[in-house]
Amino acid sequence: GLSGTMHSPQIFGHADINNGSYVSDLDTVPVTATVATVTFNRRTVTLAKFRGYFGTGTIAATGDLSFAQGFGERGDVSYAFHAVASGAQVNLPAYGSGAIDGTADLVRTPPGLAKLTGAATLNNGSIPFAAFLGDSSAAATTSSRPPVNVALGMKVTAGKNVRIRGGGYGAGLDIGASGEAALGGTLAAPTLDGKFVSTGGTLTYFDRAFTMQSGSVTFTPSEGIVPELKAVAVTHVLNPDTDTNRNPYGTTDVTIAVTGRLPNPTVHLDSTPAGY
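One numbering rule holds for all chains: residues counted from 1, following each sequence as written. Local features in this predicted model are restricted to residues whose pLDDT is 70 or higher, and side-chain atom pairs enter the listing and the counts only when it is 80 or higher, whereas totals over whole chains, interfaces and linings include all residues. Water and hydrogen atoms play no part in the side-chain values, which are based on all heavy atoms of the structure.

**Comments concerning the overall build of the chain**
At step 1: Scanning the chain from N- to C-terminus turns up zero helices and 16 strands.
At step 2: Using C-alpha atoms as the atom set, the radius of gyration is obtained and then compared with a globule rule of 2.2 Å times the number of residues to the power 0.38. Over its C-alpha trace the chain gives a radius of gyration of 25 Å, far above what one expects of a compact globule, namely 19 Å for 276 residues.
At step 3: In terms of principal-axis extent, the alpha carbons of the chain reach across some 95 × 35 × 25 Å.
At step 4: Accessible area is worked out with a 1.4 Å probe on protein chains only. A residue is then buried under 20% of its type maximum, exposed over 50%, and partly exposed in between. Each of the 276 residues in the chain was classed as buried or not, and the buried ones make up 34%.
At step 5: Values of accessible area rely on a 1.4 Å probe in the Shrake-Rupley scheme; residue burial ignores everything except the protein chains shown. Total accessible area computed for the chain in this model is approximately 15200 Å², and 58% of it derives from carbon and sulfur atoms. Secondary structure follows DSSP: runs of H or I at least 4 residues long count as helices, runs of E at least 2 residues long count as strands, and numbering of each begins at the N terminus.

Right, here's the structure in full:
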């Protein structure tokens, strides 16, 4: 039942959803087999139950919403929702993909932004290198940007089998990562504070694959989500030098060191034996 006006509405009744589904450009993994129970009591809404399959994992949630001031220009809505993710699969083209375990709370007290807090661990995930390069990257398309702005206060952890992949600037990356960071700011202007270290992988520089020896990406909130990069990798190549006096081994180990802040790090090459 509906009565009143947009500025002073009253809603009575309940709604049950069974076998619902959803998919969007923001997250391309379908949400399926959704069940939910919603109760309307004058100027409040209670989400007594929500459960849906995000790929092969699940998200369950409960919460309340109040529209005591109504809707429209003078209206304002407050709410508080709590969610638990268990292996929930996501694929956000601009930010990465994987399976998420964790908890989250989405709370809004007018007139401020809603705030998302909690802790999440990403497993079996892939993060595009372009996600750290800002709006100039191909990933930051209009269709992939969030439809609403939300303040952030999440702890994010790279769990099992998380990799950073990408290419450009004459290089390609496929590097495993572990570590954690605090995600802050807003969806429109996120920040990270923390560090991730390499668990192995390859750095392709032009036409040569280098094996990672060590590496880290460090985030500071003042730089948004643009990291400070330190990486050392080695490749073993056949030596084209036929002068055995200069190199009696017939092979050369070439080391590449990449340091600095993206997107303009410093690249240094060295060799063993030296001089190449």
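**Observations concerning the pairing of strand E3 (residues 31-42)**
At step 1: Note on pairing: two strands pair once DSSP finds at least 2 bridges between them. Direction of pairing for strand E2 (residues 9-22) relative to E3: antiparallel, over a ladder of ten bridges. Each residue of the ladder has a partner; that of Tyr22, found in E3, is Val31.
At step 2: Where E3 lies against strand E4 (residues 44-54), nine bridges are found, and the strand directions are antiparallel. In the sheet register, Val35 faces E4, and the bridge partner there is Arg51.
At step 3: Counted along the chain from E3 to the antiparallel partner E4, the turn is one residue long.

**Digging into the nonpolar core**
At step 1: To qualify as a nonpolar core, a set must consist of buried Ala, Val, Leu, Ile, Met, Phe, Trp, Tyr and Cys residues joined through side-chain atoms within 4.5 Å. Core analysis: the biggest nonpolar cluster contains 23 residues, and Phe196, Leu203, Met212 and Ile256 have the highest contact counts within it.
At step 2: Once residues lying within four places of it in the same chain are set aside, the contact partners of Ile256 are Leu203, Tyr205, Phe210, Ala231, Val232, Ala233, Val267, His268 and Leu269. In what follows, residue pairs with any heavy atoms lying within 4.5 Å of each other are defined as contacts.

**Some points on the side chain of Thr34**
At step 1: When you line up the elements, Thr34 lands in strand E3.
At step 2: Dropping the residues within four chain positions of it, Thr34 is found in contact with Ile17, Asn18, Asn19, Gly20, Phe50, Arg51 and Gly52.

**Here we look at the environment of Phe54**
At step 1: If you trace the backbone, Phe54 turns up in strand E4.
At step 2: Along the primary structure Phe54 and Lys195 are separated by 141 residues, whereas in three dimensions their C-alpha atoms are 28 Å apart.
At step 3: Here Phe54 is in contact with Val29, Pro30, Val31, Ile59, Gly87, Ala88 and Gln89, once residues within four sequence places are set aside.

**So, unusual backbone geometry**
At step 1: Look at the link from Pro110 to Pro111: it is a cis peptide, with omega at 5 degrees.
At step 2: Along the polypeptide, Pro111 turns up in the loop between strand E7 (96-108) and strand E8 (115-128).
At step 3: Note that the residue after Thr272, namely Pro273, is joined by a cis bond; omega there is 0 degrees.
At step 4: Among the secondary structure elements, Pro273 is positioned in the segment after strand E16 (266-272).
At step 5: Of note, the phi angle at Asn124 is positive, near 50 degrees, even though the residue is not glycine.
At step 6: Along the chain, Asn124 turns up in strand E8.

**As for the side chain of Thr58**
At step 1: Tracing the backbone through its elements, the reader meets Thr58 in strand E5 (residues 57-66).
At step 2: Under the relative-accessibility criterion, Thr58 is labelled buried at 11%.
At step 3: The residues touching Thr58, leaving out its near neighbours within four places in the chain, are Arg51, Gly52, Tyr53, Val84, Ala85, Ser86, Gly87 and Ala88.

**Some thoughts on the environment of Gly57**
At step 1: Looking at where Gly57 falls in the secondary structure, it is placed in strand E5.
At step 2: Residues Gly57 and Val38, spaced 19 residues apart in sequence, show a C-alpha to C-alpha distance of 23 Å.
At step 3: In this structure, Gly57 is in contact with Gly52, Ser86, Gly87 and Ala88, ignoring residues within four places of it in sequence.

**Considerations on the packing of aromatic side chains**
Each aromatic ring pair is characterised by the separation of its centres together with the angle its planes make.
At step 1: Note on ring pairs: Phe, Tyr and Trp rings are taken, using the six-membered ring of Trp, and paired if centres are within 6.5 Å. Classes follow the plane angle, with under 30 degrees stacked, over 60 edge-to-face and the rest tilted. This model, assessed by the stated rule, comprises two aromatic pairs.
At step 2: Considering the side-chain rings of Tyr79 and Phe81, the 5.8 Å spacing of their centres and the 40 degrees angle between planes classify their relative orientation as tilted.

**Considerations on the pattern of salt bridges**
At step 1: Whenever Lys or Arg places a side-chain nitrogen within 4 Å of a carboxyl oxygen from Asp or Glu, that contact is recorded as a salt bridge. Applying the stated rule across the entire model yields five salt bridges.
At step 2: Put simply, Arg163 and Asp174 hold a salt bridge, and the shortest N to O gap is 2.7 Å. In this pair, Arg163 sits in strand E10 (residues 162-168) while Asp174 sits in strand E11 (residues 171-185), placing the two residues eleven residues apart along the sequence.
At step 3: Through salt bridges with shared partners, a single ionic network connects Arg163, Arg165 and Asp174.

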